[in-house]
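Observations on the model geometry
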Amino acid sequence: MNDMTPTREQRSAALEGMGCKRKRVEDIRFTQGKGNYVDDLKLPGMLHGDFVRSPHAHARVKSINSEEALKVPGVLAVITAETLKTVNLAWMPTLAGDVQMVLADGKVLFQNQEVAFVVATDRYAADDGINKVVVEYEALPVIVDPFKSMAPDAPVLREDLAGKTSGAHGPRKHHNHIFEWTVGDKDLTDAAFKKADVTIKELISYQRVHPCPLETCQCVCSFDKIKGELTIWGTFQAPHVIRTVVSLIAKLPEQKIHVISPDIGGGFGNKVGAYPGYICAAVASIVTGKPVKWVEDRIENLTATSFARDYHMTAEIAATKDGKVTGLRVHVLADHGAFDACADPSKWPAGFFNIVTGSYDFPVAHLTVDGIYSNKAPGGVAYRCSFRVTEAAYCIERAMDILAQRLGMDPAELRLKNFVRPEQFPYHSALGWEYDSGDYHTAMRKMMESTDYAALRKEQAEKRVAFKRGETREIMGLGVSFFTEIVGAGPSKNCDILGIAMFDSCEIRMHPTGAGIARMGTKSQGQGHETTWAQIIATEIGIPADNIMVEEGNTDTAPYGLGTYGSRSTPVAGAAIAMAARKIKAKAQMIAAYKLEVHEDDLEFDIDGFRVKGLPEKFMSMKDICWAAYNSVPPGMEPGLEAVSYYDPPNMTYPFGAYICVMTIDVDTGVYKVKRFYALDDCGTRINPMIIEGQVHGGLTEAFAIAMGQEIRYDAEGNVVTGSFMDFFMPTAVETPHWETDFTVTPSPHHPIGAKGVGESPNVGGVPAFSNAVNDAFSFLGSTHIQMPHDYWRNWTAAKNLGVLAA
Ligand code: CDP
């Protein structure tokens, strides 16, 4: 070995594989403004479509007159439900087994519902046309309060369901009822509550919110009449699913549909579903023979496409007097809006809400969820969370704090007392999940030590005394949150979308020079897949990450996959990537054995190539093996070096974390200050620590936005009163707190590289940390639970209701 021979460390570092803080390769184009988004696409002769939307939340549509609109220069067509009926597309199926109007068919059911689609030569002409379409409405009574939706005299919202006593998820008990979903053992849970020393019960609401990707939903549809082919460029988190859905509902052969997701400016669940804009743009392109672009504006995005949450959770915990939990009972009233368009795996009407036992060893639990219709926009997306997991985490983390308050126990101590213990994994929860791995006590203690929790509690106690003495108007809260997520949908045994099992995929092709291309069924919306997926391959096969090009989002070239949402990419596609790489490696080993003239069992993999065991100088690099794959493979072996893997995970992964928020609130103004926010995440094996930190920062910022201000609010007539960023809280760098991040590593035992998802964790754990901080601050004044969002006005109102405002 001469001095120039790289050391093992240098060879390993040169790969920039797993564990490396590799810089994001996609940022080269993003930071130069060279991203390629849907709205950048300009095709020759392209037309623009835009919607006439309903000003009413519930009304009969008596007539639509397009005469004047068609006289506007540039307006070419006005599409209504009547037009769509001629191609059988007036209604479309939803992912949740319901149907949804594409354009208003006889009535409208929420404000800003799509009523007609105006197609014009440019966007301005389309907007002028919209203003000239005359729609005659007859207003009907409106339901915005979910608790009134199932009153005996509640207006019938879905006349199309008249007489249907059961839906996609079983019996319906009222004309505005969608489903009842029950999990757990009712009798055992009731018995635990009867025996309990202490019980708590609280209505914990998680307000309706909306993801805020910087880029709204949009598409360009181009139908080639000669070939009979439809190409759709869109902001799709799951392009293959869109292709299949379009094929099924438009009755076009799937091979003649090309779906392309170019760069996406944030998704957060908003871009999973199929929206009327996609259908109308496709129909308009088929009708006009020209490409048609549809781009939502911000108000349309906030008011009409896929809300999140709107869960009203009544949580009850039974416990012993020394704080051991013995039972959990939860009822959820789930407001799904006008159509049940929840983007959950088919069999899960409330997603994975049955993770609501959280990180605690509840011996018994019982859960019921009632889904109802209201005059609000449809949706029910996983806004930066796995399906309904953030609702569940919020519910249990608030409930545990309320129990701690009742028992006079420290919230962190109560959690430590009830955590699932390390030796209990794989842990079977009372509501049916098998948690793969965890070490909750270590994570919690690390959080408590790193933040000097005891000192913080002491400071709080002193502040409380000072407040009571009238020496300060500031109160202090410590928001502890310990969450367990369930991500990686999912095993085909329990997860599918419209019957397609939720596997994911990867295809790797190595080129002769030791470079390669890898394609996946996932689609990054900012998560950095182009960077991290190459790192997995680099470590697995010993080729530098820089030599691997990652490509996602083109259904013609990528293997079929179910897309990116709910932190499923790493648990599912990440595993497929490792498995495809291992197939490459296995073939490479056979080629190396042939070239080195040994049996393949005599070889061992050594960072970036194969070495003959015991003969260190007999080595063949992966780069050289790639070359050999194209000119001298063993007799009988096919040339080339490529592999594909479709990975059906055996289980979900269960990342977890311990968070704490330290907050002060001025009771006279309601103004809060986040003094400190510490987030410890455990996502198993860490692929790229820098990207993980970025994911945590982003997710915490969204959690902050949701807990401290976001709400899609309706007035009594069903008007959206928070439909723009003027009144829907979108934090900027000015408001966003400083984040401290930390980690522990508990690998997933069933994932090929031990990795769990992380993208959603900070939202799931962050929201309860903020809310617990506010509630903890007020608790010594006699308050039990203050509903989110905790904006200044609500904090001030809480202080007022507690009678502590200055006279
Ligand atoms: O499905 P989605 O991409 O939103 O979420 P994810 O699987 O949690 O991955 C988000 C980003 O974090 C990806 O770039 C992952 O490669 C990265 N990540 C990581 O570096 N290590 C992990 N254990 C999990 C995710």
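The structure this text deals with has already been given above.
Here's what I pulled together on the structure shown here. (Residues numbered from 1 in each chain as written. Predicted model: local features only at pLDDT ≥ 70, side-chain atom pairs only at ≥ 80, totals over all residues. Heavy atoms only, no water.)

Looking only at helices and strands, the protein has 19 helices and 34 strands in total. Over its C-alpha trace the protein gives a radius of gyration of 28 Å, about what one expects of a compact globule, namely 28 Å for 807 residues. Reported as C-alpha extents along the three principal axes, the dimensions of the protein are approximately 85 × 75 × 50 Å. The burial tally for the protein puts 63% of its 807 residues in the buried class. For the protein, the exposed area adds up to about 29,400 Å²; of that, 55% sits on carbon and sulfur atoms. (Helix = DSSP H or I, 4+ residues; strand = E, 2+ residues; numbered from the N terminus. Rg over C-alpha atoms; globule rule 2.2 N^0.38 Å. Buried < 20%, exposed > 50% of the residue type's maximum accessible area, 1.4 Å probe, protein only. Areas by Shrake-Rupley, 256 points an atom, 1.4 Å probe, with all protein chains shown as cover.)

This part covers helix α15 (residues 569–596). Side chains three or four residues apart in an α-helix point the same way, a direct result of the helix having 3.6 residues per turn. The terminal C-alpha atoms of α15, which comprises 28 residues, lie 38 Å apart, in line with the 40 Å expected from a rise of 1.5 Å per residue. Just downstream of α15, Glu597 is the residue with a positive phi angle, here 60°. (Expected span 1.5 Å × (residues − 1).)

As a matter of local geometry, the ligand sits amid 24 residues, with Gln527, Ser569, Thr570, Thr685 and Val758 nearest to it. Contact between the ligand and Gly759: an oxygen atom at 2.8 Å from a main-chain N or O atom of the residue. For the ligand, the accessible surface in isolation is 510 Å², of which the surrounding protein chains cover 99%. Counting residues per element, the ones that place at least two in the shell around the ligand are α14 (529–541), α15 and α17 (689–708). Classifying every residue of the shell around the ligand gives 8 nonpolar, 13 polar and 3 charged. (Near = heavy atom within 4 Å. Polar contact = N/O pair within 3.5 Å; in protein donor to acceptor, adjacent residues only side chain to side chain. Nonpolar A, V, L, I, M, F, W, Y, C, P; charged D, E, K, R; others polar.)

This next bit is on the pairing of strand β32 (residues 656–666). With 10 of its 11 residues buried, β32 lies for the most part within the structure. Summarising the sheet, strand β22 (residues 474–484) and β32 pair through 11 bridges and their orientation is antiparallel. From the neighbouring strand, Thr484 faces β32, where its bridge partner is Phe656. In the sheet, β32 pairs with strand β33 (residues 672–682) via 10 bridges, with the strands oriented antiparallel. (Pairing = 2+ DSSP bridges.)

Looking now at the nonpolar core. Counting residues in each nonpolar core, the largest one holds 187 residues, and the members touching the most others are Ile317, Phe352, Phe353, Met444, Phe770 and Phe778. Residues Ile577, Ile591, Ala629 and Val633 belong to the second largest nonpolar core, which totals 46 residues. (Core = buried A, V, L, I, M, F, W, Y, C linked by side-chain atoms within 4.5 Å.)

Each strand in a sheet pairs with its neighbour through backbone hydrogen bonds, running either in the same direction (parallel) or in the opposite one (antiparallel). Taken in spatial order, the 3 strands line up as β6-β2-β8 in an open sheet, and their pairing is antiparallel. Looking along the sheet, the strands with just one partner apiece sit at the ends: β6 (107–108) and β8 (134–139). As judged from the 2 bridges shared by strand β2 (residues 59–65) and β6, these two strands associate in the antiparallel manner. By the bridge assignment, Ala59 is partnered in β6 with Val108.

With that settled, consider the packing of aromatic side chains. Aromatic ring pairs: the centre-centre distance and the angle between the two ring planes describe each pair. All told, the structure shown has 37 aromatic pairs when counted by the stated rule. With centroids separated by 6.0 Å and ring planes inclined at 70°, the aromatic side chains of Tyr659 and Phe677 adopt a geometry described as edge-to-face. With Tyr659 in strand β32 and Phe677 in strand β33, this pair connects stretches of sequence that are 18 residues apart. Across this residue pair, the class does not change: Tyr659 and Phe677 are buried. Grouped by ring-pair contacts, the aromatic residues Phe483, Tyr659, Tyr672, Phe677, Phe704, Phe729, Trp739, Phe770 and Tyr792 constitute a single cluster. Over the aromatic face of Phe605 sits the side chain of Lys585, whose NZ or CZ is 4.2 Å from the ring centroid. Positioned above the aromatic ring of Phe743, the side-chain terminus of Arg686 is 3.6 Å from the ring centre. (Phe/Tyr/Trp six-rings, centres within 6.5 Å; stacked < 30°, edge-to-face > 60°. Lys NZ or Arg CZ within 6 Å of the ring centre and 35° of its normal.)

Attention shifts here to the sheet that holds strand β14 (residues 229–234). The strand order across the open sheet formed by 7 strands is β3-β7-β1-β16-β13-β14-β15, and the pairing between neighbours is mixed. The outermost strands of the open sheet, each flanked by one partner alone, are β3 (75–79) and β15 (257–260). The average undirected angle you get between the axes of adjacent strands in this sheet is 20°. (Axes fitted to C-alpha atoms, helices over the stretch in contact; angles between N-to-C directions.)

For Lys173, the location among the structural elements is in the loop between β10 (170–171) and β11 (177–184). For the pair Lys173 and Met150, spaced 23 residues apart in sequence, the C-alpha to C-alpha distance is 8.7 Å. Beyond its immediate sequence surroundings of up to four residues, Lys173 is in contact with Met150, Glu180 and Asp370. In terms of polar contacts, Lys173 uses its side chain to reach the side chain of Asp370, at 3.0 Å. (Contact = heavy atoms within 4.5 Å.)

Together, Asp122, Asp127, Asp128 and Asp297 make up a region of like negative charge exposed at the surface. Mapped onto the fold, Asp122 is located in the loop between β7 (114–120) and α5 (123–132). (Patch = residues over 30% accessible without salt bridge, like charges linked within 9 Å, V, L, I, M, F, W, Y side chains within 5 Å. Salt bridge = Lys/Arg side-chain N within 4 Å of Asp/Glu carboxyl O. Lys, Arg positive; Asp, Glu negative; His and termini not counted. Charge placed at Lys NZ, Arg CZ, Asp CG, Glu CD.)

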